[in-house]
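Each chain, letter by letter, is given below.
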Amino acid sequence: RYWRDWSSDVCSSDLNFTAVDQSGDCTNDFSNTLDANGQYGCKFGNTLATNYFGRFIPDHFDTVVTQACVIGSFTYSGQPFKTQVTARNMSGATTLNYDGVGNFSKVTTLSNAGSAANFSNNSLALLDFVAGVGTNNSVTYTFPVVTTAPLTINIRAQDTDSVVSSAVEGSVAIRGGRLKMQNAYGSELLPLPVPLEAQYWTGSYYATNVADTCTVIPMASMALGNYLKKLVAGKTQISPTGNVTLVAGKLPAGSELSLSAPGALYSGSVDLTLKLGALSWFGTNPTARATFGIYKSPLIYRRENY
């Protein structure tokens, strides 16, 4: 039972008309949560002045996913992706009162078609919902074993009132990825290219992830160390030094990783390490060894039979 107080233009509630039920059928409060005796609150209405009226339970949810790499339509295992959950009524319209400000939304859990295994940051709090739409930018699904074949998961939303997504659920294509640097060698008188690429586990082997045109490599995080033979610190430099975005899984032409020529007196080797930092989903920091002036030919050994 409600009335409108026209002087203040807010909705109020009748606190007494359920008094007959408060002794055993329900509790003497506004609670929307079952207590230990399996009872809800008897009272109806809002405890604070609000533009919203009543508690509305949606018919269902819809979920929409924005993958971490939008262009390539995939997400690496362990990489956060965005999920949007919309509360809908039976006609498919947004349930606007499902809102955290009015305390009408509920904690909502995201899962893979009902299984929450391998997820993290996969819930939406009350205040994540605004006018029926909730957003979480940090949902993460991580393979328990790095070498897991690509997997497509369907993102299901369910709140504590058992409202669930069903007909419309976004999907995420998950790949187990790594960054791979290869050893390189060449003349001490020439710049030395060092191959670097993003790879994913196919189920049998690692392959170049040609769908990756999203990952930004922080070249400033590349470190040199363990100088051997005549090569010493300061005689070779990394290029480029800024951030570089992969194209088809590799560094684009003109921005390939290379080391400058150390000069005739400085043959030797150095180890490179890329400190992943924010790219933690690639796992172990990739490393490689660059060698100048020791091997003069790609042929280490040749045997001829006649």
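So, how was this worked out
- Residues numbered from 1 in each chain as written.
- Predicted model: local features only at pLDDT ≥ 70, side-chain atom pairs only at ≥ 80, totals over all residues.
- Heavy atoms only, no water.
- Helix = DSSP H or I, 4+ residues; strand = E, 2+ residues; numbered from the N terminus.
- Contact = heavy atoms within 4.5 Å.
- 1 Å grid on protein atoms, 1.4 Å probe; cavity = no way out; pocket = protein on both sides within 12 Å on 5 of 7 lines; lining within 4 Å.
- Points joined across faces, edges and corners; volume = space filled by probe spheres on them.
- Nonpolar A, V, L, I, M, F, W, Y, C, P; charged D, E, K, R; others polar.
- Core = buried A, V, L, I, M, F, W, Y, C linked by side-chain atoms within 4.5 Å.
- Buried < 20%, exposed > 50% of the residue type's maximum accessible area, 1.4 Å probe, protein only.
- Salt bridge = Lys/Arg side-chain N within 4 Å of Asp/Glu carboxyl O.
- Pairing = 2+ DSSP bridges.
- Phe/Tyr/Trp six-rings, centres within 6.5 Å; stacked < 30°, edge-to-face > 60°.

Caption draft 1: The side chain of Thr 75, seen in detail. Tracing the chain through its elements places Thr 75 in strand β4 (residues 75-76). Thr 75 has contacts with Gln 67, Ala 68, Phe 81, Val 172, Ala 173, Ile 174 and Arg 175, leaving out every residue within four places of it along the chain.

Caption draft 2: Quick look at the layout of surface pockets. In this model, the second largest pocket occupies a volume close to 300 Å³. Lining the second largest pocket are 21 residues, with Val 146, Gly 177, Arg 178, Phe 282 and Gly 283 positioned closest to its centre. Partitioned by chemical class, the residues of the lining of the second largest pocket number 9 nonpolar, 10 polar and 2 charged.

Caption draft 3: Structural detail: the nonpolar core. Counting residues in each nonpolar core, the largest one holds 31 residues, and the members touching the most others are Leu 179, Met 181, Ile 217, Met 222, Leu 251, Leu 257 and Leu 272. Excluding anything up to four places from it in sequence, Leu 257 contacts Met 181, Leu 192, Pro 193, Val 194, Met 219, Met 222, Ile 238, Ser 239, Pro 240, Leu 251 and Leu 272. Within the second largest apolar cluster, 19 residues are counted, among which are Phe 81, Val 139, Ile 153 and Ile 174.

Caption draft 4: Spatial organisation of the pattern of salt bridges. Evaluation of the coordinates by the stated rule reveals 4 salt bridges. In this structure, Glu 197 engages Lys 250 in a salt bridge whose closest nitrogen and oxygen atoms are separated by 3.9 Å. Taken together, the residues span a long stretch of sequence, with Glu 197 in strand β16 (residues 196-201) and Lys 250 in the loop between β21 (243-245) and β22 (258-259) at a distance of 53 residues. When its relative accessible area of 11% is taken as the criterion, Glu 197 is described as buried. Given a relative accessible area of 42%, Lys 250 falls into the partly exposed group. The partner of Arg 289 in a salt bridge is Asp 271, and the shortest N-O contact between them spans 2.7 Å. Here Arg 289, found in strand β24 (residues 287-292), pairs with Asp 271, found in strand β23 (residues 268-274); they are 18 residues apart in sequence, far enough to count as distant.

Caption draft 5: Summary view of the pairing of strand β5 (residues 81-88). With 7 bridges connecting them, strand β3 (residues 60-66) and β5 associate as antiparallel partners. Within the sheet, the bridge partner assigned to Thr 66 lies in β5 and is Lys 82. The pairing of β5 with strand β10 (residues 133-141) spans 5 bridges and is classified as antiparallel. Bridged to Gln 84 within β10 is Thr 135.

Caption draft 6: Structural context of unusual backbone geometry. With an omega of -5 degrees, the peptide bond running from Ser 239 to Pro 240 counts as cis. Within the secondary structure, Pro 240 sits in the loop between β20 (238-239) and β21. One non-glycine residue, Asn 121, lies in positive phi territory at about 55 degrees. As for its placement among the helices and strands, Asn 121 is situated in the loop between β7 (119-120) and β8 (123-124). Taking relative accessible area as the criterion, Asn 121 reaches 49% and is therefore assigned partly exposed.

Caption draft 7: Layout of the sheet that holds β22. The 3 strands lie next to each other as β15-β22-β20, forming an open sheet whose pairing is antiparallel. On the outer flanks of this sheet lie β15 (192-193) and β20, each paired with one strand and no other. Here β15 runs beside β22; their pairing, made up of 2 bridges, is antiparallel. Within β22, the residue paired with Pro 193 across the bridge is Ser 258.

Caption draft 8: Representation of the packing of aromatic side chains. Considering all chains together, one arrives at 9 aromatic pairs under this definition. Pairing Phe 119 with Tyr 141 gives two aromatic rings, centres 5.1 Å apart and planes at 75 degrees, and the pair type is edge-to-face. Remark: Tyr 141 occurs in strand β10 and Phe 119 occurs in strand β7; sequence separation between them is 22 residues. When sorted by exposure, Phe 119 lands in the same class as Tyr 141, which is buried.

Caption draft 9: Region of interest: the sheet that holds strand β12 (residues 171-175). Here 5 strands make up an open sheet; going across it, the order is β4-β12-β11-β6-β8 and the pairing mixed. Looking at strand neighbours, the two that pair on one side only are β4 and β8, the edges of this open sheet. As paired strands, β4 and β12 are joined by 2 bridges and run parallel to one another. Paired with Tyr 76 across the bridge in β12 is Arg 175.

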